[in-house]
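Commentary on secondary and tertiary structure
The lines below spell out each chain.
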Amino acid sequence: MKVTDLINLGRKALKMFDDYIAEKKIVPPTRVYIRHFITDLEISETGCRTQGSSEIIQKPDWAKIVFDFMEERVKSLPEFKQLVQTIAKRYKRNINKLAQGCNEESQTAFWLETFIQKSIYEKLENDVSEDTIIEYASLFKSELELSPIEYGYKHYLEGIFLEPESIRINDNVFIRKTQKEDLEYTRDMFFDTPRPRYMIIPSAVLEITVIAKDERKCHEYINRIFNSLRLYKLCSVYSIETIRTKRTAIWPGDLGHSWSHKSCSSFKKTTITESEIDTFVDFINIMEQKLNFNKEDKKYRTLYISLDRYNNALLEAIDAERKLMTTVMGLESLFTFEKDKGENAFKLSIRCAKLLGFIGFNVEKVKKLIEEAYSYRNKVVHGSYISSEVRKKISEMLPEILNYLRVSLIIFISCQEIGKDKIVEMIDKSMISKDAHDDLKKLLEKNIGNFIKLLKE
């Protein structure tokens with residue numbers, strides 16, 4: 001199959017469609033919609049203010065006309081039938097990878113129909129050009145050859161606010177303030193229901209483009225970006241809604257929506273200021289690369305578990321006692337071994353205090369707070385009674401303990417090449433050996449030296 005075969009078929013179908021409309025003197029029926037839009041929007045660190053309106057609009061409904069045209073004129077074309085047979089024979093193996101268990105010719109016919117329909121709708125909406133036909137045809141062949149596909153994701157965020165209008169993190173990632181257009185939506189007049197995200201106005205919008213063969217790879221990259229955002233500062237950033245686009249010529253479903261499937265807590269919010277843009281960009285890019293490890297690899301298992309517990313403590317809509325329990329368990333994953341059983345509280349507090357002391361934390365305060373947090377953790381685990389006074393103390397200390405976990409995670413992730421066991425051994429030796437102390441200090445300066453100020457905040 002040649003791309004020119006697809007281009008010629010596309011051109012012919014568009015010409016035939018014009019003739020079909022003229023011949024039958026077709027005037028498409030109109031459909032009534034209601035368009036909701038924002039007239040005034042103000043978002044700040046502390047909240048938001050919006051004012052909206054709506055209007056009735058009408059749009060031509062081409063769906064049945066295009067369907068009838070495909071059935072009556074296109075599917076019976078000799079060129080269409082011949083191309084179906086050629087593609088089905090040549091790309092049989094790839095077709096079955098894209099649509100397992102299918103009939104190759106039926107599946108190919110469906111994809112060709114989609115290709116032509118996309119071209120027709122593009123013509124109806126944007127007056128399709130020659131370049132568009134060539135682009136769709138090239139994309140069709142590329143997908144058949146299992147080439148990587150471009151995916152675009154737009155995440156409407158809660159938990160993070162920007163002072164600047166926008167920040168370009170890298171070629172694939174862009175974060176910006178929410179705009180009026182983001183909150184606009186159109187619904188069928190008779191099925192007008194509000195979109196879930198309008199219960200919460202997003203504080204920012206994160207746009208990510210990924211080119212991949214497998215959408216699973218996209219999700220892994222997106223998760224690394226979100227984890228990096230949550231590690232940059234102690235912030236409960238999450239996506240309220242996601243709009244996904246897929247650059248495809250063969251699949252009808254090139255646009256998808258999803259909403260947060262669980263109740264999340266905006267436990268801590270943060271603001272990215274104008275003055276910290278460079279640090280923010282550097283941190284997100286470096287941390288995303290460092291987070292690209294295999295969670296199933298035994299070497300990184302405890303690191304992944306600790307990161308997962310950090311996210312749970314930040315995001316889950318649970319009480320402060322369980323958040324503290326989860327946070328302490330995250331610290332345990334990093335700083336203790338199975339053989340430490342019975343000495344966890346002591347070893348956890350002293351190791352964490354020693355490590356954070358290199359960055360400038362008050363070691364006595366860190367040790368005392370972790371020991372206290374561990375005792376509260378035990379009360380929660382064993383179901384002991386927790387008084388209102390203790391609950392108040394837990395709520396007050398939780399942000400600091402969570403920050404200890406955040407900073408520790410950044411250190412362990414940044415130094416992951418030497419492994420968790422080796423890092424903990426270096427911490428233990430640094431308490432009794434000046435040489436070991438100096439070696440650990442050099443290791444930290446090498447891996448996190450550019451972010452010491454950020455970690456101390």
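Overview of the structure. No experiment lies behind these values; they were computed from the predicted model shown.

Time to look at the packing of aromatic side chains. For the structure on display, the rule yields 12 aromatic pairs. Measuring from centroid to centroid gives 5.2 Å for F17 and F69, while their planes differ by 75 degrees, and the two rings are edge-to-face. On the criterion of sequence distance, the pair formed by F17 in helix 1 (residues 3-24) and F69 in helix 2 (residues 63-74) is long-range, its members being 52 residues apart. Considered together, F17 and F69 belong to a single accessibility category, that of buried residues. Ring centres of F361 and Y404 lie 5.9 Å apart, and the angle between their planes is 75 degrees; this geometry places the pair in the edge-to-face category. Linking F361 in the loop between helix 11 (344-357) and helix 12 (363-381) with Y404 in helix 13 (residues 388-414), this pair joins segments that are 43 residues apart in sequence. Given the relative accessible area of 16%, F361 is considered buried.

The first and last C-alpha atoms of helix 1 sit 32 Å apart over 22 residues, in line with the 32 Å expected at 1.5 Å per residue. Of the positions making up helix 1, those classed as buried are L6, I7, L9, G10, A13, L14, M16, F17, Y20 and I21. Packing partners of the buried residues in helix 1 comprise helix 2, helix 3 (78-90), helix 5 (104-126) and helix 6 (130-144). Looking one or two places after helix 1, you find K25, whose phi comes out positive at around 50 degrees.

A word on the sheet that holds strand 7 (residues 185-188). Strand pairs in the sheet, formed through backbone hydrogen bonds, run parallel or antiparallel to each other. Taken together, the three strands give an open sheet; going across it, the order is 2-1-7, and neighbouring strands pair in antiparallel fashion. Both outer strands of the open sheet, strand 2 (48-60) and strand 7, are each paired with one neighbouring strand and no more. Pairwise comparison of adjacent strand axes, ignoring direction, gives a mean angle of 25 degrees for this sheet. Bridge count between strand 1 (residues 30-43) and strand 7: four bridges; the pairing is antiparallel. Residue pairing in the sheet places R35 in a bridge with T186 of strand 7.

Taken in spatial order, the six strands line up as 5-6-8-3-9-10 in an open sheet, and their pairing is antiparallel. Edge strands, defined here as strands with exactly one partner in the open sheet, are strand 5 (166-170) and strand 10 (255-259). This sheet shows a mean twist of 15 degrees between the axes of neighbouring strands, independent of strand direction. Pairing of strand 3 (residues 149-158) with strand 8 (residues 204-212), which is carried by nine bridges, proceeds in the antiparallel orientation. Pairing of K154 across the sheet is with E207, part of strand 8. Packed on one face of the sheet, helix 8 (residues 277-290) meets strand 5 and strand 6 (173-176) and runs near 35 degrees to strand 5.

Moving on: the pattern of salt bridges. Here the structure, examined in full by the defined rule, presents 33 salt bridges. Note that E184 is salt-bridged to R35, the shortest N-O span being 3.0 Å. Of this pair, E184 sits in the loop between strand 6 and strand 7 while R35 sits in strand 1; the two residues are 149 residues apart in sequence, bridging distant segments of the chain. The exposure class of E184 is partly exposed, given its relative accessible area of 30%.

In this section: the packing of helix 11 against helix 14 (residues 420-430). Two elements in contact, helix 11 and helix 14, have axes whose closest approach is 10 Å; the angle formed by their N-to-C orientations is 85 degrees. Considering the angle they form, helix 11 stands roughly perpendicular to helix 14. Where helix 11 approaches helix 14, its residues R351, K354 and L355 are matched on the opposing element by V424, I427, D428 and S430. When its residues are assigned to classes, the contact of helix 11 with helix 14 shows three nonpolar, one polar and three charged.

Attention shifts here to the environment of I284. If you trace the backbone, I284 turns up in helix 8. Considering only alpha carbons, one finds I284 and N170, 114 residues apart in sequence, at a separation of 9.4 Å. Once residues lying within four places of it in the same chain are set aside, the contact partners of I284 are I169, I225, S228, L229 and Y232.

The rules behind each value
Residues numbered from 1 in each chain as written. Predicted model: local features only at pLDDT ≥ 70, side-chain atom pairs only at ≥ 80, totals over all residues. Heavy atoms only, no water. Phe/Tyr/Trp six-rings, centres within 6.5 Å; stacked < 30°, edge-to-face > 60°. Helix = DSSP H or I, 4+ residues; strand = E, 2+ residues; numbered from the N terminus. Buried < 20%, exposed > 50% of the residue type's maximum accessible area, 1.4 Å probe, protein only. Expected span 1.5 Å × (residues − 1). Contact = heavy atoms within 4.5 Å. Pairing = 2+ DSSP bridges. Axes fitted to C-alpha atoms, helices over the stretch in contact; angles between N-to-C directions. Salt bridge = Lys/Arg side-chain N within 4 Å of Asp/Glu carboxyl O. Parallel < 35°, antiparallel > 145°, perpendicular 65-115°, else oblique. Nonpolar A, V, L, I, M, F, W, Y, C, P; charged D, E, K, R; others polar.

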